[in-house]
Amino acid sequence: MPINVAGRSVATGAIVAAVGGLVGIVATFLIWAQLTVGAGMVQVLGDVPSGKGIDENAGKVALALGIIALALAIAWALDMKIPMLPALVAGVGVLILVVVALTFFTSILTKETSLKDALDLANKA
């Protein structure tokens, strides 16, 4: 179902893909976010030097795939004639999920703690 955006009919999938690309781009920067609590700094989502969290290379790949997804979504919204454009957008979205999932699971499996301890810690959070 197309949505009217600024007098132009845009496919709903293009809007969803654009939002997903933006979320993918922003999420790569949130990995290195820090939160100030009291007198010290607390790492929120990643600690790259100690091997915890998403490593730098996976973040770069996810960022590049997010930019590609956003560019393809914009091309879709502008009705550019690229063959199988919705399938390309879906493929890039799946690649983002695969990269993040593989990085997450390899980071869990390479830690000195067991997988059960890591999952218990995640459940407590």
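Residues numbered from 1 in each chain as written. Predicted model: local features only at pLDDT ≥ 70, side-chain atom pairs only at ≥ 80, totals over all residues. Heavy atoms only, no water.

(A) Highlighting the overall build of the protein chain. Scanning the protein chain from N- to C-terminus turns up four helices and four strands. Starting at the N terminus, the α and β elements of the protein chain follow one another as β-β-α-β-β-α-α-α. Residues classed as buried in the protein chain amount to 25% of the 125 residues present. If you take every contact in the protein chain between residues at least 6 apart in sequence, the share linking residues at least 24 apart comes to 48%. Split by element, the accessible area of the protein chain, about 8500 Å² in all, is 73% carbon and sulfur. (Helix = DSSP H or I, 4+ residues; strand = E, 2+ residues; numbered from the N terminus. Buried < 20%, exposed > 50% of the residue type's maximum accessible area, 1.4 Å probe, protein only. Contact = heavy atoms within 4.5 Å. Areas by Shrake-Rupley, 256 points an atom, 1.4 Å probe, with all protein chains shown as cover.)

(B) View of unusual backbone geometry. A positive phi is found at Asp-79, a non-glycine position, where the angle reads about 55°. For Asp-79, the position within the fold is in the loop between helix H2 (56-77) and helix H3 (85-109). The class for Asp-79 is partly exposed, based on a relative accessible area of 47%. Positive phi is not limited to glycine here, since Met-84 has a value of about 55°. Tracing the backbone shows Met-84 in the loop between H2 and H3.

(C) The arrangement of a nonpolar patch on the surface in detail. On the surface, Ile-3, Val-5, Ile-15, Val-19 and Val-23 cluster together into a nonpolar patch covering about 370 Å² of accessible area. When residues of the nonpolar patch are traced back to their parent elements, those giving at least two are strand E1 (3-5) and helix H1 (12-30). Considering every element that reaches the nonpolar patch, the biggest residue donor is H1, with three residues. In this fold, Val-19 is placed in helix H1. The partly exposed category is assigned to Val-19, whose relative accessible area is 46%. (Patch = residues over 30% accessible without salt bridge, like charges linked within 9 Å, V, L, I, M, F, W, Y side chains within 5 Å. Salt bridge = Lys/Arg side-chain N within 4 Å of Asp/Glu carboxyl O.)

(D) Spotlight on the nonpolar core. If you look at the biggest cluster of nonpolar residues, it comprises 16 residues, and the most contacted ones within it are Ala-14, Leu-65, Leu-72, Trp-76, Leu-85, Val-89 and Val-92. Residue assignment for this core shows that the elements contributing at least two residues are H1, H2 and H3. Among the elements that make up this core, the one with the highest residue count is H2 (eight residues). Discounting residues that sit within four places of it in the chain, Leu-65 has contacts with Val-92, Leu-95, Ile-96 and Val-99. (Core = buried A, V, L, I, M, F, W, Y, C linked by side-chain atoms within 4.5 Å.)

Nothing here speaks to function; it is geometry throughout.
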